[in-house]
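Working through the structure, step by step
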Amino acid sequence: MNMDKKFHNLVSTVVPLPIENIDTDQIIPARFLKATTRDGFGENLFRDWRYDANNEPRKDFALNNPVYKGKILVAGKNFGCGSSREHAAWAIGDYGFKVVVSSFFADIFKNNALNNFILPVQVSEDFLAKIFTAVEKDPAAEIEVNLEEQFIRIKATGEKEEFAINPYKKTCMLNGYDDIDYLLSLKGEIEAYETTRPFNF
């Protein structure tokens, strides 16, 4: 169990990325997949959108705009489509994001995100538009994400919406468990069961 990976309630400003169909090659281009550890991918998150051909930051891109910051990335519909590379989740987490909000996630990306302690929060298209509007009006607008009660709220307006999550993944996120940690957490129950189970030889 990793205490730093426990997720309960997060209140943060957001980085808005109102672009649909963001695929994993845009999140982390294939040429940066040579590393074998999970560290260092954040510096190349959205590399081809963040930098021009001369390796200069594009001032009009959200991640390069100093008014946008926070641990929540809010993106358009169909986030994480394309290849199944887990590096996309690694890059998002290494950059510092704890939550990604979208109106639809590719299934493989969603699972990769959860396995790396990044919470994908799927909302309705209407609520997603409300978040973008709130941030456009005030870049310092805060969003609350409550995993225990499974809701997301726009702090300025009080508007909120519930979101779904697999119960097993919720347990892992709340406790900072990976799959092995989860099994170890059941050690006492498993041992108790084994003492009562009849053995047939």
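Residues numbered from 1 in each chain as written. Predicted model: local features only at pLDDT ≥ 70, side-chain atom pairs only at ≥ 80, totals over all residues. Heavy atoms only, no water.

Here we come to the pairing of strand S2 (residues 14–17). Where burial is concerned, the two faces of S2 agree: the one with Val14 and Pro16 and the one with Val15 and Leu17 are both buried. Judged from the 4 bridges that link them, S2 and strand S3 (residues 72–75) form a sheet pairing that is parallel. Bridge pairing in S3 links Leu17 to Ala75. (Buried < 20%, exposed > 50% of the residue type's maximum accessible area, 1.4 Å probe, protein only. Helix = DSSP H or I, 4+ residues; strand = E, 2+ residues; numbered from the N terminus. Pairing = 2+ DSSP bridges.)

We now examine the sheet that holds strand S6 (residues 143–146). Strand order across the open sheet formed by 4 strands is S1-S6-S7-S8, with antiparallel pairing between neighbours. What marks the edges here is a single partner per strand, and that holds for strand S1 (9–12) and strand S8 (160–162). Here the strands of the sheet are splayed against their neighbours by 10° on average, with no regard to which way each runs. Where strand S7 (residues 151–154) lies against S8, 3 bridges are found, and the strand directions are antiparallel. Looking at S8, one finds that Phe151 is bridged to Glu162. In the packing of helix H5 (residues 125–137) onto the sheet, the strands contacted are S6, S7 and S8, and the crossing angle to S7 comes to about 35°. (Axes fitted to C-alpha atoms, helices over the stretch in contact; angles between N-to-C directions. Contact = heavy atoms within 4.5 Å.)

Here we take up a nonpolar patch on the surface. On the surface, Ile180, Leu183 and Leu184 cluster together into a nonpolar patch covering about 320 Å² of accessible area. With respect to the helices, strands and loops of the structure, Leu183 is situated in helix H7 (residues 179–185). (Patch = residues over 30% accessible without salt bridge, like charges linked within 9 Å, V, L, I, M, F, W, Y side chains within 5 Å. Areas by Shrake-Rupley, 256 points an atom, 1.4 Å probe, with all protein chains shown as cover. Salt bridge = Lys/Arg side-chain N within 4 Å of Asp/Glu carboxyl O.)

Time to look at helix H6 (residues 167–175). Restricting attention to buried positions, one finds in H6 the residues Lys169, Lys170, Cys172, Met173 and Leu174. Between the side-chain oxygen at the start of H6 and the backbone nitrogen of Tyr168 there is a gap of 2.8 Å, and the oxygen is on Asn166. After H6 finishes, the residue Gly176 shows a positive phi value of roughly 70°. (Polar contact = N/O pair within 3.5 Å; in protein donor to acceptor, adjacent residues only side chain to side chain.)

Sheet architecture is open: 4 strands sit in the order S2-S3-S4-S5, paired in parallel fashion. In this open sheet, the two edge strands, each paired with only one partner strand, are S2 and strand S5 (119–122). Recorded for the sheet is a direction-independent mean angle of 20° between the axes of neighbouring strands. Summarising the sheet, S3 and strand S4 (residues 99–102) pair through 3 bridges and their orientation is parallel. Paired with Val74 across the two strands is Val101, which belongs to S4.

Right, let's get into the packing of aromatic side chains. Inspection of every chain in the model, using the stated rule, returns 8 aromatic pairs. A ring pair is formed by Phe46 and Trp49, whose centres lie 5.7 Å apart and whose planes are at 0°; its orientation type is stacked. Taken together, a centroid distance of 5.2 Å and an interplanar angle of 75° make the contact between Phe79 and Phe109 edge-to-face. Linking Phe79 in the loop between S3 and helix H3 (87–95) with Phe109 in helix H4 (residues 107–115), this pair joins segments that are 30 residues apart in sequence. Residue classification places Phe109 among the buried positions, given a relative accessible area of 3%. In this structure an aromatic cluster arises from ring pairing among Phe46, Trp49 and Phe61. A cation sits over an aromatic face here: Arg47 above Tyr51, 4.2 Å from the ring centre. Against the face of Phe151 rests Lys160, its NZ or CZ located 4.5 Å from the ring centre. (Phe/Tyr/Trp six-rings, centres within 6.5 Å; stacked < 30°, edge-to-face > 60°. Lys NZ or Arg CZ within 6 Å of the ring centre and 35° of its normal.)

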